[in-house]
Amino acid sequence: MNNPTLFSLCCLIWGSTWIAITYQIGHTSETFAIALRYLLAAVCLGIYCLVKRLPFALPLHIHMKMAAVGLFLYSLNYTLLYMAQAHIISALLALMSSCIIYINVVLRRWWLKEPIRKEVVIGATFGLSGIVCLFVPEFSKVSMDAALALGLSIAFVSFFCASVGNVISERILTSGTPVIQMNFYAMSYAMILLFITSLLLPGKLIIPTSLEFYLSLLYLALFGSVFAFGAYMKLLQQMGADKAAYVVLVYPMVALVISTFFEGYQWTAFSFVGVAVVLMGNAIAMGKIPRFMRRPFLSH
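Computed from a predicted model, the values in this text were never measured in an experiment.

A. Examining the pattern of salt bridges more closely. Counted by the stated rule, this structure contains 4 salt bridges. The partner of R108 in a salt bridge is E170, with the nearest N and O atoms 2.9 Å apart. Here R108 is found in helix 5 (residues 99-111), whereas its partner E170 is found in helix 8 (residues 146-174), with 62 residues between them in sequence. A salt bridge links D242 to R117; the shortest N-O distance between them is 2.6 Å. With a gap of 125 residues between them, D242 in helix 11 (residues 241-244) and R117 in the loop between helix 5 and helix 6 (118-134) connect regions that are remote in the sequence. Given the relative accessible area of 2%, D242 is considered buried. Salt bridges sharing partners connect three or more residues here, namely R108, R117, E170 and D242.

Encoded structure:
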């Protein structure tokens, strides 16, 4: 698939997974629910590798990096994000998610010695402004208190972990490791870590019995993890972690379109301006507007 198709696939799937996630809440601990998601995803990827006779053998140093991806991107990122949602509204999470792009830019420069691409920074700033316009009515309901401050702190750590996982993934994939095998191992390592965490948490481990839990789990594992993360990792490999991360600014718009039908989201003039600005930022970040394609801020 080409990059626009991969990008669209990520946005459409992740923009819809919020519905499925609502059916995961309250049935068991967050860590156990996410562990089950990755168990199912890893099984699907493993079966695919067996059927296609894809090689499983990879060097030890690649396994160590894939375990780090499992820890930062698939375990800590999601667990902390679930925790943050208990304290802050989704609008703030959508706004804060834009920081992933900026962190990716810095980490790529520091860790991978990649140049800071001007169009990505400018495009991300447009996208951030667009998200503010989209959620203006929601921000009016926010008042700072200890719970909100805690939620914001947890969310920032979550997005920092996601960025670390993004950059490690790019390093693995650009070294020649196939996407399918990398996701299989990274999700398997994440699943093991989450299962262990679930067992160590205080209280009794609850096995969900609701049909809606398992139907939503199937969607999250197959579409949200196998397909969407497969597409996202391919974007990381082909575009770099800085450009691929723009997905986090586009898929909230998909979520709002879905919310219009399921939750009665009311579109305003600010909403349409926000969509236009986010899309403009996306065009800039992807290098579609030549005037922003100048020399990078920093080069090798």
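B. Examining a nonpolar patch on the surface more closely. A cluster of nonpolar side chains, L39, V43, I47 and V51, forms an exposed patch at the surface whose accessible area comes to about 330 Å². Along the polypeptide, V43 turns up in helix 2 (residues 30-52).

C. Geometry of helix 10 (residues 211-239). For helix 10, with 29 residues, the first-to-last C-alpha span of 39 Å sits near the 42 Å given by 1.5 Å per residue. A bend of about 30 degrees at F229 is the largest found in helix 10. For helix 10, the side-chain oxygen to backbone nitrogen distance between the N-cap and E212 is 3.3 Å, and the N-cap itself is S210.

D. Broad picture of helix 8. Compared with an ideal rise of 1.5 Å per residue, which puts 29 residues at 42 Å, helix 8 spans 42 Å between its outermost C-alpha atoms and is within 8% of the ideal. G176 lies just past helix 8 and shows a positive phi near 110 degrees.

E. Geometry of the packing of helix 1 (residues 3-22) against helix 10. Interhelical geometry of helix 1 versus helix 10 gives an angle of 150 degrees and a closest axis separation of 9 Å. As the angle between them shows, helix 1 and helix 10 are arranged roughly antiparallel. Seen along the crossing, helix 1 lies across helix 10 with a hand that is left-handed. For the contact of helix 1 with helix 10, a count of residues per class yields 18 nonpolar, 6 polar and 1 charged.

Analysis parameters
- Residues numbered from 1 in each chain as written.
- Predicted model: local features only at pLDDT ≥ 70, side-chain atom pairs only at ≥ 80, totals over all residues.
- Heavy atoms only, no water.
- Salt bridge = Lys/Arg side-chain N within 4 Å of Asp/Glu carboxyl O.
- Helix = DSSP H or I, 4+ residues; strand = E, 2+ residues; numbered from the N terminus.
- Buried < 20%, exposed > 50% of the residue type's maximum accessible area, 1.4 Å probe, protein only.
- Patch = residues over 30% accessible without salt bridge, like charges linked within 9 Å, V, L, I, M, F, W, Y side chains within 5 Å.
- Areas by Shrake-Rupley, 256 points an atom, 1.4 Å probe, with all protein chains shown as cover.
- Expected span 1.5 Å × (residues − 1).
- Bend = angle between axes of the 7 residues up to and from the residue.
- Polar contact = N/O pair within 3.5 Å; in protein donor to acceptor, adjacent residues only side chain to side chain.
- Axes fitted to C-alpha atoms, helices over the stretch in contact; angles between N-to-C directions.
- Parallel < 35°, antiparallel > 145°, perpendicular 65-115°, else oblique.
- Left-handed = near helix turned anticlockwise from the far one by under 90°.
- Nonpolar A, V, L, I, M, F, W, Y, C, P; charged D, E, K, R; others polar.

Note that all results are geometric; they support no functional claim without further evidence.
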